[in-house]
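# Per-entry structural report
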Amino acid sequence: MAVIIYPRTMNWSYMKQRPQQLMAQLGSLGHQVFFENLAPLDKEFKEIEPNVYLFTDTKTFLHKKLPALRKEHPIVVWTTWSKLRTRISTLFKPDITIYDCCDEFPHWAKYEPKMIDEADHVVCTAEVIHTRLSLAYPDKPLTLIPNGADSSFFHIPFSERPADLPPGPVVAYIGAWAYWVDHELFAKAALRFPNVQFVSIGAPYGSSGDYSKLPNVHILGEKPHQELKRYLTHIDVALIPSNTIRLRSLPIRSKHTSIWLPASGCCRRRCRNA
């Protein structure tokens, strides 16, 4: 079994998504996973999932923990952020580097070629990314690992309607409330259906639209991952209103597909085929 390091990118508690899900699965297979958390911890290592340990004291990890691990296990670094290439090779000196190309943000593009050159293996989330990378880097080992559904959301017991969820029919988007959301489309839909409550659940990220004149739009902010279950049973339709920035690499919203909510959006076909 390997030691797998996920270098500093986000907090484990931040909108549980692809990196956390993958690291949890790798831990369940018996690998030792070390997730470099952004926020400080109350202990040196915190086991957050079976075989998955959070750490923030990178210096201690590098000089005390990692040398002992290296004697017995191969060291693998798995990263989703191409900008970390130099930090990975300089600090962790892994035996294997895996680059997970999970998005195609324009401001990340300039870092990607060197990251791919450095990586021993590349994985990606979508067929369109797989096609692009296989043509650009024909000799680089490449694996398609699409996003899927969180099985813990398959069977959700009924719960009382959350107090901040408005009454009436609900159309909801669960995910980062970010610049890649098609805010114009979201606002137009809310304007077209004034008797429907349009809800956003997710952390704010960058600029977003102005909904101050739309009383049926409700921005609820980020919720703990497990708390989403309380909301899902009261949502009538799930939206994936992404603009062209994420159209090529849009992840499947696992919460929507897990409980078979009617899903609408630019990746409806991918949700149906999941």
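Remember, predicted model here, so these are calculated numbers, not experimental data. (Residues numbered from 1 in each chain as written. Predicted model: local features only at pLDDT ≥ 70, side-chain atom pairs only at ≥ 80, totals over all residues. Heavy atoms only, no water.)

## So, the overall build of the protein chain
What counts, and what does not: To qualify as a helix, a DSSP run of H or I must reach at least 4 residues; to qualify as a strand, a run of E must reach at least 2; elements of each kind are numbered from the N terminus. Note on classification: 1.4 Å probe, protein chains only; a residue is buried when its accessible area is under 20% of the maximum for its type, exposed when over 50%, partly exposed between these limits. Any two residues having at least one pair of non-hydrogen atoms within 4.5 Å are treated as being in contact. All accessibility values rest on the Shrake-Rupley procedure with a 1.4 Å probe; residue burial counts only the protein chains present in the view.
On a plain count of helices and strands, the protein chain comes out with nine helices and 15 strands. Buried residues in the protein chain amount to 49% of all 274 residues. Taking all contacts inside the protein chain whose residues are at least 6 apart in sequence as the whole, residues at least 24 apart take part in 61%. For the protein chain, the accessible area works out to roughly 13,800 Å², and carbon and sulfur atoms hold 56% of it.

## Some points on the side chain of His 31
Applicable threshold: Two N or O atoms count as a polar contact when they lie within 3.5 Å, although within protein this holds only if one can serve as hydrogen donor and the other as acceptor, and sequence-adjacent residues are included solely when both atoms are side-chain atoms.
As for its position among the elements, His 31 is in the loop between α1 (18-28) and β2 (32-36). Of the residues examined, His 31 reaches a relative accessible area of 17% and is grouped as buried. A distance of 3.0 Å separates the side chain of His 31 from the backbone nitrogen of Ala 2, its partner in a polar contact. Once you skip the residues sitting within four places of it in the chain, His 31 turns out to touch Met 1, Ala 2, Ile 4, Leu 26 and Asn 51.

## Here we look at the confidence of the model for the protein chain
As a reminder of what qualifies: Within a predicted model, pLDDT stands for the predictor's per-residue confidence, ranging from 0 to 100.
When pLDDT is averaged across the protein chain, the result is 88; 89% of the residues are at 70 or more. Throughout residues 251-260 the model reports pLDDT below 50, and contacts reaching past four residues in sequence, or to other chains, amount to 39 contacts. Note that residues 266-274 has pLDDT below 50 and, in this model, 18 contacts with residues that lie over four places away or in other chains.

## Comments concerning the state of the cysteines
One way to say it: the disulfide is the covalent bond shared by the sulfur atoms of two cysteines. Spelled out, the test is: The term disulfide is used for any two cysteine sulfur atoms that are within 2.5 Å.
For the structure on display, the rule yields zero disulfides. Unpaired in this structure, Cys 101 has its nearest cysteine sulfur neighbour in Cys 124, at a distance of 6.6 Å. Given the relative accessible area of 0%, Cys 101 is considered buried. Left unpaired, Cys 102 is separated from the closest cysteine sulfur, that of Cys 101, by 7.0 Å.

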